[in-house]
Amino acid sequence: MSLVAKGLEGIVANESRLSEVDGANGKLCYLGYSIDDLVEHTTFEEVVHLLHRGHLPNQTELTTITEELRSHRFLPAEVTSFLTSLAKDLAPMTVLRTAVSLLGALDLRGGDQDAKLNAERAVALCAQIPLIIACYHRHRQGLPFPEIRKDLSEAGSFLYLISGEEPTPEAVKTLDVAYIIHADHGMNASTFSARVTIATLSDMYSAITSAIGTLKGPLHGGANEGVIDMLLEIGEESEVDEWVEDKLTKKAKIMGIGHRVYKVLDPRAPHLQKMAIKLTEELGEPKWIRMSERIATIMRERKNLNANVDFYSATVYYSLGIPTDLFTPIFAISRAAGWTAQVLEQLEDNRLYRPLTEYIGPKPPQPILPIGQRP
Ligand SMILES: CC(C)(COP(=O)(O)OP(=O)(O)OC[C@H]1O[C@@H](n2cnc3c(N)ncnc32)[C@H](O)[C@@H]1OP(=O)(O)O)[C@@H](O)C(=O)NCCC(=O)NCCS
C-alpha cells in the first residue's frame with residue numbers, strides 16, 4: 001500500500017500558535033482572535049503586532065510598532081536603481097522576488113539566527129515590500145516615485161504610492177481589511193516554503209524570497225489575477241453558464257474556487273464579497289459581482305466547491321482601480337506579516353523539514369551499458 005500523501009494533504013508538519021484554520025467549520029483565527037472580530041475592531045498594524053509579538057498592542061505598543069514600520073519606509077539606493085533599471089513589462093511578483101533577495105545581499109549585519117535582528121528584519125520587510133511593488137509600478141508607468149509619507153497607514157501609504165494621489169478613507173479601510181484577512185493562514189504553500197527554507201538555518205531574506213516565488217503560482221496567490229482574467233474573458237452575464245460548463249467539460253480549474261483545507265465556505269470570502277458588492281454598486285458596475293455570484297452558484301451546485309479568498313478579492317481590487325498584476329503582490333504585502341512571524345516562530349524551536357519520497361523508478365541494480373551500446 002502506498003504511503004504517499006500526495007501534496008502532503010492531511011499531514012501535520014509542525015505546531016504553531018499563530019493562526020488556526022478550521023477547515024470543517026470555515027473559521028480562521030489569529031492567536032485565538034477571529035478574523036471577523038479583527039476586521040471589525042483592529043487595523044493591519046495591530047495584526048502585525050499580534051503576529052510578530054504575540055498579543056494585541058496597547059496604545060503605547062501600537063504607537064511603537066507603527067513608528068517602527070514607518071521608520072523602515074525607505075529603500076536602499078541599490079534597490080531603487082535596480083528597480084528603475086528593469087524592463088517595464090515584467091511580472092511584478094518576479095520583480096518583488098528578486099528585489100527582496102537583493103535586500104538580503106545589502107544587509108551585511110550577519111546574525112542570520114539572531115532573534116533581535118530577525119525581529120527587526122521582519123518589521124522592515126513588511127514595510128519595504130509595498131515600497132518595492134510601488135516603485136516598480138511607477139517606473140513601468142514612466143512616472144516618478146512619489147515622496148514617501150510617514151503620516152499614512154500601511155494601506156494608505158501603498159495606495160498613495162501607486163497612484164501618487166491621496167487615497168479616500170473608504171479605499172484605505174477596504175485595503176486594510178483585505179490586508180488583515182490575508183495576513184496569515186496556517187501552513188499554506190508559501191508559508192511552508194518560508195519555513196522549509198529557514199529551517200535549514202538559512203536567513204530571513206531567503207525564506208521570504210522562497211515564499212514570494214511560491215505565492216506567485218496560479219494555484220496559490222496568483223489565482224486572484226486569474227479571476228479577473230476569467231471575468232473579462234466571459235465578458236457578459238449571459239455567457240457565464242456556457243463558459244463554466246465548457247471549462248468543467250474540459251476539466252479545467254475555475255480560478256478562485258475550491259480549497260485544500262476549507263470544505264465549507266472560506267471565512268475570508270464573505271468579507272470580500274460584502275466589499276465587492278458595495279464597491280461595484282458605487283462604481284455602477286454590478287455586472288462583475290453578478291457574474292461572480294453566478295459562477296459561485298454553479299460551482300457549488302455542480303461540484304460542491306465554494307469560493308475562496310481570491311474569488312472576491314479580485315473584484316475588490318479591480319473596483320479600487322488597482323491594476324490586475326498588482327493583486328498577487330498585494331497578497332504578498334499582507335502575507336509578509338504572517339511569513340515573517342512564522343519564520344521567527346520556526347527559529348524558536350527549529351527542526352529541519354525532510355519528508356520522504358516513495359521511489360517508483362527502475363528496480364536496481366540496473367546494468368550500466370558501455371556508452372556506445374546505450375539506446
Ligand atoms: C485550491 C486548489 C489548488 C486545491 O486543490 P486540491 O486540494 O489539490 O484539490 P484538487 O485539485 O485535487 O481537486 C479535487 C477535485 O475538485 C475539482 N476542483 C478543485 N478545484 C476546482 C476548481 N477551481 N475548478 C474546477 N474543479 C475544481 C478537481 O478537478 C477535482 O475533481 P475530480 O475529483 O473530479 O478530479 C484547487 O481547488 C484549485 O486549483 N483552485 C483554483 C485555484 C485557486 O483558486 N487557488 C487559490 C486557493 S486559496
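Rules of the game
Residues numbered from 1 in each chain as written. Predicted model: local features only at pLDDT ≥ 70, side-chain atom pairs only at ≥ 80, totals over all residues. Heavy atoms only, no water. Near = heavy atom within 4 Å. Polar contact = N/O pair within 3.5 Å; in protein donor to acceptor, adjacent residues only side chain to side chain. Areas by Shrake-Rupley, 256 points an atom, 1.4 Å probe, with all protein chains shown as cover. 1 Å grid on protein atoms, 1.4 Å probe; cavity = no way out; pocket = protein on both sides within 12 Å on 5 of 7 lines; lining within 4 Å. Sits in = over half its atoms within 2 Å of the grid points. Nonpolar A, V, L, I, M, F, W, Y, C, P; charged D, E, K, R; others polar. Pairing = 2+ DSSP bridges. Helix = DSSP H or I, 4+ residues; strand = E, 2+ residues; numbered from the N terminus. Axes fitted to C-alpha atoms, helices over the stretch in contact; angles between N-to-C directions. Parallel < 35°, antiparallel > 145°, perpendicular 65-115°, else oblique. Left-handed = near helix turned anticlockwise from the far one by under 90°. Contact = heavy atoms within 4.5 Å. Buried < 20%, exposed > 50% of the residue type's maximum accessible area, 1.4 Å probe, protein only. Points joined across faces, edges and corners; volume = space filled by probe spheres on them. Salt bridge = Lys/Arg side-chain N within 4 Å of Asp/Glu carboxyl O. Core = buried A, V, L, I, M, F, W, Y, C linked by side-chain atoms within 4.5 Å. Domains from an automatic or database assignment. Buried area = accessible area lost by both parts, 1.4 Å probe.

## Description of the site of the ligand
If you check the shell around the ligand, you find 18 residues, and the closest are Lys 253, Ile 254, Gly 256, Ile 257 and Arg 260. A distance of 2.7 Å is found between an oxygen atom of the ligand and a side-chain nitrogen or oxygen belonging to Arg 260. A distance of 3.5 Å separates an oxygen atom of the ligand from a polar atom in the side chain of Lys 303. Surface burial for the ligand is 68%, taken as the share of its 850 Å² of free accessible area covered by protein chains. Its atoms largely coinciding with the cavity grid, the ligand occupies the largest pocket. In terms of residue class, the shell around the ligand is built from nine nonpolar, five polar and four charged.

## Comments concerning the pairing of strand 2 (residues 27-30)
With four bridges connecting them, strand 1 (residues 19-22) and strand 2 associate as antiparallel partners. Pairing of Asp 22 across the sheet is with Lys 27, part of strand 2. Joining the antiparallel neighbours strand 1 and strand 2 is a turn of four residues, in which Gly 26 adopts a positive phi near 65°. Examined bridge by bridge, strand 2 and strand 3 (residues 33-34) share two bridges and lie antiparallel to one another. Following the sheet pairing, Cys 29 is matched in strand 3 by Ser 34. Between strand 2 and the antiparallel strand that follows it, strand 3, lie two residues; Leu 31 among them carries a positive phi value of about 45°.

## Here's the deal with the packing of helix 11 (residues 223-234) against helix 16 (residues 327-348)
Viewed as axis vectors pointing N to C, helix 11 and helix 16 meet at an angle of 150°, and their least axial separation amounts to 7 Å. Regarding the angle of helix 11 to helix 16, the classification is roughly antiparallel. Like other packed secondary-structure pairs, helix 11 and helix 16 cross with a definite hand, here right-handed. Residues Asn 224, Glu 225 and Ile 228 of helix 11 pack against Phe 327, Thr 328, Pro 329 and Phe 331 of helix 16. Partitioning the contact of helix 11 with helix 16 into residue classes produces four nonpolar, two polar and one charged.

## Some points on the environment of Lys 363
For Lys 363, the position within the fold is in the segment after helix 16. On the basis of relative accessible area, Lys 363 is assigned to the exposed category, the value being 71%.

## Topic: the layout of surface pockets
Using a probe with the size of a water molecule, rolled over the atoms, empty space left in the structure can be pinpointed. Its volume calculated, the largest pocket comes out at about 1700 Å³. Lining the largest pocket are 48 residues, and of these Met 187, Asn 188, His 259, Arg 260 and Val 261 sit closest to its centre. Mapped onto the lining of the largest pocket, the elements with two or more residues apiece are strand 1, helix 9 (189-199), helix 14 (287-303), helix 15 (309-319) and helix 16. Per-class residue counts for the lining of the largest pocket are 21 nonpolar, 15 polar and 12 charged.

## A short note on the pattern of salt bridges
Opposite charge on two side chains lets them pair, provided their charged atoms get close. Counting across every chain of the model gives 19 salt bridges. We note a salt bridge from Arg 149 to Asp 151, for which the minimum N-O separation is 2.8 Å. Owing to a relative accessible area of 21%, Arg 149 belongs among the partly exposed residues under this scheme. In this structure Asp 151 comes out as exposed when scored by relative accessible area, which is 51%. Between Asp 246 and Lys 250 there is a salt bridge, with the nearest N and O atoms lying 2.9 Å from each other. Note on Asp 246: relative accessible area 35%, which makes it partly exposed. Classification of Lys 250 as exposed rests on a relative accessible area of 57%.

## A look at empty space enclosed by the protein
Taken as a whole, this structure holds one cavity of 30 Å³ or more when the rule is applied. Estimates place the volume of the largest cavity at around 30 Å³. Residue lining of the largest cavity: Arg 73, Ala 127, Pro 130, Leu 131, Glu 154, Ser 157 and Phe 158, and that is the complete set. Split into classes, the residues belonging to the lining of the largest cavity amount to four nonpolar, one polar and two charged.

## Description of the nonpolar core
In this structure, Leu 83 and Ile 295 are the most contacted members of the largest nonpolar core, which totals 107 residues. Here this core takes 12 residues from helix 6 (residues 115-140), the largest share from any one element. Both domains that furnish three or more residues to this core are identified here as domain 1 (16-219 + 326-348) and domain 2 (223-319).

## Overview of the domain arrangement of the protein chain
Split by domain assignment, the protein chain resolves into domain 1 (16-219 + 326-348) and domain 2 (223-319). On a C-alpha basis, the centres of domain 1 and domain 2 stand 26 Å from each other. Between domain 1 and domain 2, the contact holds 27 residues from the first and 24 residues from the second. Regarding the contact of domain 1 and domain 2, the summed buried area is about 2000 Å², with carbon and sulfur atoms giving 67% of it. Of all residues in domain 1, the largest losses of buried area upon contact with domain 2 belong to Thr 174, Ile 181 and Phe 327, amounting jointly to 28% of the total for that side.

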